[in-house]
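Breakdown of the fold
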Amino acid sequence: MRKYLIILFMVVIFIPLEASISQVTKAQTKQFLTRTNKAITTAHSAIKRGKVYNGDYVNALRHQQFAKKMYIRNQYQKAIYHSKKARSLAFKTITDNSAHIPSDCGITKEEKGLIGTAIPSDRVLAEEIALDGQHNLKDADVIDKTVDLTLP
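Residues numbered from 1 in each chain as written. Predicted model: local features only at pLDDT ≥ 70, side-chain atom pairs only at ≥ 80, totals over all residues. Heavy atoms only, no water.

**Considerations on the nonpolar core**
Formed by 19 residues in total, the largest nonpolar core has its most connected members in I40, Y57, L61 and A90. For this core, the secondary structure elements donating two or more residues are α2 (26-50), α3 (56-72) and α4 (76-96). Not counting chain neighbours up to four residues away, the residues in contact with I40 comprise Y57, A60, L61, Q64, A86, A90 and L149. Of all hydrophobic cores here, the second largest spans 14 residues; its members include V24, Y71, I115 and I129. (Core = buried A, V, L, I, M, F, W, Y, C linked by side-chain atoms within 4.5 Å. Buried < 20%, exposed > 50% of the residue type's maximum accessible area, 1.4 Å probe, protein only. Helix = DSSP H or I, 4+ residues; strand = E, 2+ residues; numbered from the N terminus. Contact = heavy atoms within 4.5 Å.)

**Concerning the packing of aromatic side chains**
For the coordinates displayed, the defined rule picks out one aromatic pair. Aromatic pair Y71 and Y76: ring centres 5.9 Å apart, planes at 55°, arrangement tilted. Just as Y71 is buried, Y76 falls in that class too. The ring of F32 carries the charged tip of R87 above its face, separated from the ring centre by 4.4 Å. (Phe/Tyr/Trp six-rings, centres within 6.5 Å; stacked < 30°, edge-to-face > 60°. Lys NZ or Arg CZ within 6 Å of the ring centre and 35° of its normal.)

**A few points about the confidence of the model for the chain**
Predicted confidence across the chain gives a mean pLDDT of 88, with 86% of residues reaching 70 or more. By mean pLDDT, the top-scoring element of the chain is α4 (98), and the lowest-scoring one is helix α1 (residues 2-20) (44). Low pLDDT, under 50, characterises residues 8-21; the stretch is placed with two contacts to residues that sit more than four places away or in other chains. (pLDDT = per-residue confidence, 0-100.)

**Some points on the packing of α4 against helix α6 (residues 122-129)**
At their nearest, the axes of α4 and α6 sit 11 Å apart, and the two run at 105° to each other. When the axes of α4 and α6 are compared, the pair comes out roughly perpendicular. Contacts from K78, Y81, H82 and K85 in α4 reach D122, L125, E128 and I129 in α6. (Axes fitted to C-alpha atoms, helices over the stretch in contact; angles between N-to-C directions. Parallel < 35°, antiparallel > 145°, perpendicular 65-115°, else oblique.)

**Side note on unusual backbone geometry**
We note that N74 has phi near 65°; this positive angle belongs to a residue other than glycine. Within the secondary structure, N74 sits in the loop between α3 and α4. Even without glycine at this site, S98 takes up a positive phi of about 55°. The topology assignment puts S98 in the loop between α4 and α5 (109-115).

**Quick notes on the pattern of salt bridges**
Across all of its chains, the model carries 11 salt bridges by this definition. Across the pair K85 and D122 runs a salt bridge, and its minimum N-O distance is 3.3 Å. Residue K85 is located in helix α4, and its partner D122 is located in helix α6; the two are separated by 37 residues in the primary sequence. When its relative accessible area of 18% is taken as the criterion, K85 is described as buried. One network of salt bridges, with partners in common, ties together R35, R87 and E111. (Salt bridge = Lys/Arg side-chain N within 4 Å of Asp/Glu carboxyl O.)

Here's what the structure looks like:
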């Protein structure tokens, strides 16, 4: 009887832990980042028209550049986290400039699963990009510059 209780305990404790740890693939990450790139492109057009510069656009670029770097380094989960932050900042830029978020840029059910529930705080994400040397940039500084977010 004790043997069965130990097995039952192991099943109840360890299987849910394994099931909650999702392995994000390269293809899934690339698709996520590509959809964020579309949101950033839309934000770029919106800010060019609306001229509302509040720093969200440049921070979206910084997070997406960091996400691309993590993607290249095969750190897919971290890339997803930063790309999600970039997408939310792009959405804010779009709405602040009186434009509409494209329907195919929203976070899908599958993407919510990739993000998971253990997403780092905004503070942690900001600390991770803080060393990029671009913390003094403003939206106006980057709006006319070409930024390559294309993925390999």
